[in-house]
Number of protein chains: 6
Amino acid sequence: MLSVENTWKEVRDSGVDTVIVPFSAIEQHGHHLPLGTDWFLADENARRLGERLNAYVLPALAYGCSREHMAFAGTVTLRPTTLAAIFEDVVESLREHGFKNIVVFSSHGGNWILKPILREINFQYPDIIVVWGNGPLADDGEEVPEDIHAGRGETAAMLAVRPDLVKNHESAPASSGIVGQEFNDYVGMDKSTKTGAWGVPAEGTAELGEERIAGNVDHQIRYIEWALRRVEMLRSEGGATDR
Amino acid sequence: MLSVENTWKEVRDSGVDTVIVPFSAIEQHGHHLPLGTDWFLADENARRLGERLNAYVLPALAYGCSREHMAFAGTVTLRPTTLAAIFEDVVESLREHGFKNIVVFSSHGGNWILKPILREINFQYPDIIVVWGNGPLADDGEEVPEDIHAGRGETAAMLAVRPDLVKNHESAPASSGIVGQEFNDYVGMDKSTKTGAWGVPAEGTAELGEERIAGNVDHQIRYIEWALRRVEMLRSEGGATDR
Amino acid sequence: MLSVENTWKEVRDSGVDTVIVPFSAIEQHGHHLPLGTDWFLADENARRLGERLNAYVLPALAYGCSREHMAFAGTVTLRPTTLAAIFEDVVESLREHGFKNIVVFSSHGGNWILKPILREINFQYPDIIVVWGNGPLADDGEEVPEDIHAGRGETAAMLAVRPDLVKNHESAPASSGIVGQEFNDYVGMDKSTKTGAWGVPAEGTAELGEERIAGNVDHQIRYIEWALRRVEMLRSEGGATDR
Amino acid sequence: MLSVENTWKEVRDSGVDTVIVPFSAIEQHGHHLPLGTDWFLADENARRLGERLNAYVLPALAYGCSREHMAFAGTVTLRPTTLAAIFEDVVESLREHGFKNIVVFSSHGGNWILKPILREINFQYPDIIVVWGNGPLADDGEEVPEDIHAGRGETAAMLAVRPDLVKNHESAPASSGIVGQEFNDYVGMDKSTKTGAWGVPAEGTAELGEERIAGNVDHQIRYIEWALRRVEMLRSEGGATDR
Amino acid sequence: MLSVENTWKEVRDSGVDTVIVPFSAIEQHGHHLPLGTDWFLADENARRLGERLNAYVLPALAYGCSREHMAFAGTVTLRPTTLAAIFEDVVESLREHGFKNIVVFSSHGGNWILKPILREINFQYPDIIVVWGNGPLADDGEEVPEDIHAGRGETAAMLAVRPDLVKNHESAPASSGIVGQEFNDYVGMDKSTKTGAWGVPAEGTAELGEERIAGNVDHQIRYIEWALRRVEMLRSEGGATDR
Amino acid sequence: MLSVENTWKEVRDSGVDTVIVPFSAIEQHGHHLPLGTDWFLADENARRLGERLNAYVLPALAYGCSREHMAFAGTVTLRPTTLAAIFEDVVESLREHGFKNIVVFSSHGGNWILKPILREINFQYPDIIVVWGNGPLADDGEEVPEDIHAGRGETAAMLAVRPDLVKNHESAPASSGIVGQEFNDYVGMDKSTKTGAWGVPAEGTAELGEERIAGNVDHQIRYIEWALRRVEMLRSEGGATDR
């Protein structure tokens, strides 16, 4: 494992081509944990990854997107576009040095801007791989998802809404995908599907489509009405926190 | 329900203060569904929402972030920052007219930049609510999550890594949260938690922390190693799609 | 004609290399026309163009730059830079698919940011042509303009202001241009002029220059003084609209 | 008249509240005129304006948007967004000093990005007026335009395309506007129109609409086809310029 | 002293209103020092400052602008605009919490974008002070500079170039400034000078001006000619580093 | 010498490959000098440079970054990012014409954003040289600096703070650099140093390091405390200027 405790010469001579890039946050963690919790954990996580992968481990970026914690003293938050710019610059620096595998993770969920940027970067620089460290494992009992794109669900919905535009779906081949859905971050759908569809179009029916749309809308309606009331109530209250 | 088929006077005189803002994509949908599938479905969904909510329904934005589909003819993709700018401008226009509730959803998963921007907007303009239409429902059998922030998991991890920084977690009060986690998009944690923590810190132990960290790292290692091999293989192959 | 009602395969197999990209606006249209007027008309216009040109027709972008209509409920406006970013992304997507001719028009005059961006794009990507659909027709009785750049007018003005810098204009060749002025959006002046000048420099005189400058300034002065008074008056009034 | 040859104290004590902000370009002007032609003329124009208006005259910005002239040595071009940023900064500086009337003009047509930005600025800062120095004069024999927005033309087009959405246009009041169309740069349509419409809706007929749409499409088609051929030809040729 | 090892409650209850914001870099430091040298030193420096000032000490930002070191493995560099965005976001976060004094320093000289941004921030938010930690000390034997702005030097130069624009400089009051020049980062010149000038205008003469300009130009000429030769030579060589 | 008083043809035929790009400011210069002082001086300076270097001399950009002078009427200020964009566009225009040597200087110190941008540009476009016209002269009696990077000072500091990370510095070779430090704007450290270090690492001791750090911190502390008091006092006062 290499880190910024090494010299540039040691990094260069190591032959290492993998880098760990950890993201975190400086944000409140209740009365019992420090503001730097995510930052400490990210570095610990990165160190362990670096040892197992024999990688060059960068320091965790202390600052992240923590807007929802800004009511608590000491929290620091970045605009999502700032975090995106940092991510791009770090990857471009590493690519310039010839590293091939860049493992990115965040100990803080609010840094989600990293995911769409990660996708853009992977399609912009097909000579490197920027991997999201917390992707799901298909061989771990988690099944490969079956109805991702233009499959049973969307086919059914179109049969309900614009059946005139659905073409021979009964004979459309099923395509269960050969990797997990998160691979859309790394390669185009042309690498992982037979027709561009992912799922079983033939199982789609107008009834299923109508049911699916109606159920979804019912769900949304109840959620939205409830949430609007709840937010209005919460905002007008003093807050639930013992401060 | 109102839409762009109405005149400005009808919108103004209606007293309506809710707007539906649908996002979608122009992207391939296999051999049997049209490029506009997400767009058609988003408008249908929006119309149904608008009727139930008595809202002003905007046309679905046709273009979205579809980078992973760009190998298929006819697909159009926006940079995430472009989609973010559109979202901001539309919300600012609606807020200028005095609308209070802005319901946003996307029929296309790849438009995820909308979520971090939605969070920023809600904190920037506390006089309106921008709601994510597909949030989870707590009263639907889904339980309110219990270990979100500074709870059992993070406390355990800190006990394993930096126990010197954990303060009296055994007596730290449990705080299960009074709404779902997605409410962090709408209000600060100070509105929904007692200490800023969300979970049961007292249940954290160093053993649990070590186990959790190690398990996570094991998972990551296996995923990353497998994914690196798989991506390399897929890229060097001609692709699985029958084109 | 192709549209987003087609599948990606139909678009790919068609051999079509022309795309129609319509822009419009969601803005008030008086008491008798709907907010979506420009949007409906843009799609109608695009469809007719697409049929005649055998092109792939994209949906009209609903949103445009409508700042001046924001006093009317239901109007939506984009910042000019947002509209510019959308335009760039759409053209880059289409270019990536190999389309060669991109026909752009706007049913709404306020989207004028499209013109300078169109010019930048054409010079950035000389392998495609982005055409402004509403350019003037030279063979329709409209004459090719004769005094565009460094011709009679500018030569005269320089003779009045800095005659020491004008070099042998009496013998400078006339150059009437071989296409219309709007071709500056597509190719450099080196493609359409003999010397870089467009007009008849030899006709320039100091008297004409003085007259031209003075007339222009007179015009400006009267306009500005009148406009300043008129704007001040209008702003202090309640407005002329029956709302 | 004041200029940058004065001291700050002279400017402050003058009571002047009008500024002239000239834009220009450094671009080729044929064999007989210097690269700085637009720049010299802009300063001359600005000086004359400043004397007549008793204004503070800023130096003409030398650089402008001259992409179409970049094939000629010595030309300098800015990105449109750069020019927009300069314009915004200068106006904000002047507004900070308390100037009320900012007269902007460009001696170079290619700086058209200034117009949409000027509109945005005027709506952002209603306490100042940024005037486009070359606006048309209504009292000069030029008639106030009569069919600008939601009038005869658009009403007719909607009667041809979506007659179901046109509401009682026969009895819709004519509204000829009380100022010229360029006033949309300074105030909202609510200041200058009765219904939001500008024109005579009652004169619209479906026949006129069909004729208008068809004529426009015919025009566009002929233009596009001719232009596509012409551009292709021009690009493949060596160029017409004697260089 | 407080740091991210504290809880948010400890920070809030401390009454501390000063924050230390350290910047650094991850860049090569020869064969004998680690890549993290600047980062380690910045944190050490910040800790000492924090203890003496009783401040809230943030972690040093690991990444900085290190373009000139990118030939050495392991170095990471940010675009200047990215570093500027981080700086702005951190200051805005701290200001939102009510901190008043923000002490910024960089252990790495290449982060100089921080200085112009620091100036902009101080003028944008006059309710806080962002102090550059490495400013010069006037009471340390360093004299307050005497010829900063519109003083002897510039007056002399104008006497040589445009004497017609120099007004009664012989009787213009000397103004030695009441603080050091770096105070232009914190307050306007109106706070620290009598006339806006800083220096002794009366000492300016045309001879001095000519001498000053000529000397400066001589210096520039020799430097530029030598540097152009030297850079060309260095670039064409293999480099002097033992790598 | 060439300028914008020449035609494009004269510039093209001249064989000149050097350009002078002067920056300045429109800002107050006391009671006795005009607002355009920097602008006039920059043009004078540029002209003299142009004559000596046989260069193409562009007009000085009138506007600059003058935030600290905005309390004085007539001053104009640009955001640093705006000035950076102008600089980039001008250099890219000149590079497109084939110029090789671009000499940049500013008659106004507040335009310091130019320096980091200049560095970025030089590394982005290694086929041209953008030279900062006011660089120091090594052959003029000024010695080449000896302790720039990873030398005595930094080595000593690391010996005091993290001695475990310092590797055999006693035998690390001294490297005095073969050019001045400002060459980091033009070429990477790999061109000018033996090990990446610049200085004499072997002279570093822990005592020197401790002394250096402590002295620096003492200096900072006294400065910051004094400055905080002084700024607070100045802001609360009416200002020292006779206005």
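Residues numbered from 1 in each chain as written. Chains lettered and ligands numbered in written order. Predicted model: local features only at pLDDT ≥ 70, side-chain atom pairs only at ≥ 80, totals over all residues. Heavy atoms only, no water.

Draft legend 1. Structural detail: the overall build of chain A. From N to C terminus, chain A includes six helices and five strands. Traced from its N-terminal end to its C-terminal end, chain A shows the element sequence β-α-β-α-β-α-β-α-β-α-α. Looking at chain A residue by residue over its 243 residues, the buried ones come to 64%. (Helix = DSSP H or I, 4+ residues; strand = E, 2+ residues; numbered from the N terminus. Buried < 20%, exposed > 50% of the residue type's maximum accessible area, 1.4 Å probe, protein only.)

Draft legend 2. Representation of the interface of chain D and chain C. Between chain D and chain C, the residue contacts involve 106 residues of the former and 106 residues of the latter. A salt bridge links D218(D) to R52(C); its shortest N-O distance comes to 3.3 Å. If you look at where chain D meets chain C, you find 20 residue pairs in polar contact (both at pLDDT 80 or more). Elements with a contribution of two residues or more to the side of chain D that touches chain C: helix 2 (37–53), strand 4 (101–106), helix 4 (114–124), strand 5 (129–132), helix 5 (152–161) and helix 6 (206–236) of chain D. With 20 residues, helix 6 of chain D is the largest single contributor of residues to the side of chain D that touches chain C. Its residues assigned to classes, the side of chain D that touches chain C shows 49 nonpolar, 28 polar and 29 charged. (Contact = heavy atoms within 4.5 Å. Salt bridge = Lys/Arg side-chain N within 4 Å of Asp/Glu carboxyl O. Polar contact = N/O pair within 3.5 Å; in protein donor to acceptor, adjacent residues only side chain to side chain. Nonpolar A, V, L, I, M, F, W, Y, C, P; charged D, E, K, R; others polar.)

Draft legend 3. Looking closely at the pairing of strand 2 (residues 18–23) of chain C. All names here are of chain C. Strand 2 sits mainly inside the fold: six of its six residues count as buried. Burial along strand 2 is two-sided: the face carrying T18, I20 and P22 and the face carrying V19, V21 and F23 are both buried. Sheet analysis places strand 2 next to strand 4 (residues 101–106), joined by six bridges and oriented parallel. Bridging from a neighbouring strand, V21 pairs with V104 of strand 4. Two elements, strand 2 and strand 3 (residues 56–57), share two bridges in a ladder whose sense is parallel. The partner of V19 across the bridge, within strand 3, is Y56. Handedness of the crossover joining strand 2 and strand 3 through helix 2 (residues 37–53) is recorded here as right-handed. (Pairing = 2+ DSSP bridges. Right-handed = clockwise from strand over helix to strand, strands pointing away.)

Draft legend 4. Quick peek at the packing of helix 6 (residues 206–236) of chain A against helix 2 (residues 37–53) of chain B. Two elements in contact, helix 6 of chain A and helix 2 of chain B, have axes separated by 10 Å at closest approach and are oriented at 45 degrees. Accordingly, the angle class assigned to the pair helix 6 of chain A and helix 2 of chain B is oblique. In the packing of helix 6 of chain A onto helix 2 of chain B, the handedness of the crossing is right-handed. The segment helix 6 of chain A lies against helix 2 of chain B, with E210(A), I213(A), A214(A), N216(A), V217(A), D218(A), Q220(A), I221(A), I224(A) and E225(A) engaging N45(B), R48(B), L49(B), R52(B) and L53(B). Considering only residue class, the contact of helix 6 of chain A with helix 2 of chain B consists of seven nonpolar, three polar and five charged. (Axes fitted to C-alpha atoms, helices over the stretch in contact; angles between N-to-C directions. Parallel < 35°, antiparallel > 145°, perpendicular 65-115°, else oblique. Left-handed = near helix turned anticlockwise from the far one by under 90°.)

Draft legend 5. Here's a closer look at the relation of the copies chain D and chain C. Screw-axis analysis of chain D against chain C gives a translation of 0.0 Å along the axis, an RMSD of 0.0 Å, and a rotation angle of 180 degrees. Such a turn and shift between the copies fits a two-fold axis. For chain D, the smallest separation between a C-alpha atom and the rotation axis is recorded for I113(D), amounting to 3.1 Å. Interface overlap between copies: 100% of the residues of chain D at the interface are likewise at the interface in chain C, consistent with a symmetric, same-surface contact. (Least-squares fit on C-alpha atoms with pLDDT ≥ 70 in both.)

Draft legend 6. How the structure looks around the state of the cysteines. Applying the stated criterion to the full structure yields zero disulfides over all chains. You can see C65(D) has no disulfide; the closest cysteine sulfur is in C65(C), sitting 17 Å from it. (Disulfide = S-S within 2.5 Å.)

Draft legend 7. Broad picture of the relation of the copies chain E and chain F. Each copy of the sequence occupies a distinct position, and chain E is placed on chain F by a rotation of 180 degrees and an axial shift of 0.0 Å, giving an RMSD of 0.1 Å. Comparing contact sets, 99% of the residues at the interface of chain E also lie at the interface in chain F, consistent with an isologous, same-surface contact.

Draft legend 8. Geometry of the interface of chain E and chain F. Listed per partner, the contact involves 107 residues of chain E and 106 residues of chain F. Buried surface at the junction of chain E and chain F, both sides included, amounts to about 9,900 Å², of which 64% is carbon and sulfur. Our enumeration of links across chain E and chain F arrives at eight salt bridges. Note that E210(F) is salt-bridged to R48(E), the shortest N-O span being 2.9 Å. The tally of links from chain E across to chain F stands at 18 residue pairs in polar contact (both at pLDDT 80 or more). For the side of chain E that touches chain F, the secondary structure elements donating two or more residues are helix 2 (37–53), strand 4 (101–106), helix 4 (114–124), strand 5 (129–132), helix 5 (152–161) and helix 6 (206–236) of chain E. Top element by residues in the side of chain E that touches chain F is helix 6 of chain E. It accounts for 20 residues. Taken together, the residues of the side of chain E that touches chain F sort by class into 49 nonpolar, 29 polar and 29 charged. (Buried area = accessible area lost by both parts, 1.4 Å probe.)

Draft legend 9. Molecular detail of helix 4 (residues 114–124) of chain B. Where burial is concerned, most of helix 4 of chain B is hidden: nine out of the eleven residues are buried. Among all positions of helix 4 of chain B, only L114(B), K115(B), P116(B), I117(B), L118(B), R119(B), E120(B), I121(B) and N122(B) are buried. Residues of helix 4 of chain B that are buried in the fold lie against helix 3 (80–96) and helix 6 of chain A together with strand 2 (18–23), helix 3 (80–97), strand 4 (101–106) and strand 5 (129–132) of chain B.

Draft legend 10. Highlighting the sheet that holds strand 1 (residues 2–3) of chain A. An order of 1-3-2-4-5 (chain A) is seen for the five strands of this open sheet, with the pairing classed as parallel. In this open sheet, the two edge strands, each paired with only one partner strand, are strand 1 and strand 5 (129–132) of chain A. Of the strands in this sheet, strand 2 (18–23), strand 4 (101–106) and strand 5 of chain A are in contact with helix 3 of chain A, which crosses strand 2 of chain A at around 165 degrees. Seen against the sheet, helix 6 (residues 206–236) of chain B touches strand 4 and strand 5 of chain A and runs at an angle of roughly 140 degrees to strand 5 of chain A.

Draft legend 11. How the structure looks around the sheet that holds strand 5 (residues 129–132) of chain C. All names here are of chain C. Read from one edge of the open sheet, five strands run 1-3-2-4-5, paired in parallel fashion. Each having just a single partner strand, strand 1 (2–3) and strand 5 make up the two edges of the open sheet. Pairing analysis gives two bridges linking strand 1 to strand 3, with the strands arranged parallel. The partner of S3 across the bridge, within strand 3, is V57.

Draft legend 12. Quick peek at the packing of aromatic side chains. Summed over the entire model, instances satisfying the criterion amount to 30 aromatic pairs over all chains. When the centroid spacing of 4.7 Å and the interplanar angle of 75 degrees are considered together, the rings of W8(A) and F72(E) count as edge-to-face. With W8(A) in helix 1 (residues 8–13) and F72(E) in the loop between strand 3 (56–57) and helix 3 (80–96), the pair connects residues from two separate chains. Both residues of the pair, W8(A) and F72(E), belong to the buried class. On the numbers, 6.3 Å between centres and 55 degrees between planes, the contact of Y223(D) with W226(D) is tilted. (Phe/Tyr/Trp six-rings, centres within 6.5 Å; stacked < 30°, edge-to-face > 60°.)

Draft legend 13. Spatial organisation of the confidence of the model for chain A. Confidence in the prediction for chain A averages 85 pLDDT; 90% of positions are at 70 or higher. In the predicted complex, the global pTM is 0.87; the interface-specific ipTM is 0.85. (pLDDT = per-residue confidence, 0-100.)

Draft legend 14. Molecular detail of unusual backbone geometry. For N54(A), which is not a glycine, the phi torsion comes out positive at approximately 45 degrees. Looking at the element boundaries, N54(A) is found in the loop between helix 2 (37–53) and strand 3 (56–57). Residue N54(A) is classed as partly exposed on the basis of its relative accessible area of 43%. If you check the backbone angles, N168(E) has positive phi at about 50 degrees while not being a glycine. The residue N168(E) is located in the loop between helix 5 and helix 6 in this model.

Draft legend 15. Molecular detail of the side chain of H169(B). Checked against the element boundaries, H169(B) lands in the loop between helix 5 (152–161) and helix 6. Classification of H169(B) as buried rests on a relative accessible area of 8%.

Draft legend 16. Just the environment of R95(D), in detail. All names here are of chain D. Tracing the chain through its elements places R95 in helix 3 (residues 80–96). When its relative accessible area of 31% is taken as the criterion, R95 is described as partly exposed. It is 8.9 Å that separates the C-alpha atoms of R95 and Y125, two residues lying 30 residues apart in sequence. Discounting residues that sit within four places of it in the chain, R95 has contacts with Y125, D127 and I128.

Draft legend 17. Structural view of the pattern of salt bridges. Counted under the stated rule, the structure contains 96 salt bridges over all chains. Its salt-bridge partner being R79(D), residue E88(F) comes within 3.3 Å of it at the nearest N-O pair. Highlighted residues: E88(F) in helix 3 (residues 80–96) and R79(D) in the loop between strand 3 (56–57) and helix 3, drawn from two different chains. Members of the salt-bridge network, linked through shared partners, are E44(A), R47(A), R48(A), E51(A) and E210(B).

Draft legend 18. Local environment of the packing of helix 5 of chain E against helix 2 (residues 37–53) of chain F. Packing of helix 5 of chain E against helix 2 of chain F brings their axes to within 10 Å, and their N-to-C directions diverge by 60 degrees. On the basis of their axis angle, the class for helix 5 of chain E and helix 2 of chain F is oblique. For helix 5 of chain E against helix 2 of chain F, the interelement crossing comes out left-handed. Judged by residue contacts, E154(E), A157(E), M158(E) and V161(E) of helix 5 of chain E engage T37(F), D38(F), F40(F), L41(F) and E44(F) from helix 2 of chain F. Partitioned by chemical class, the residues of the contact of helix 5 of chain E with helix 2 of chain F number five nonpolar, one polar and three charged.

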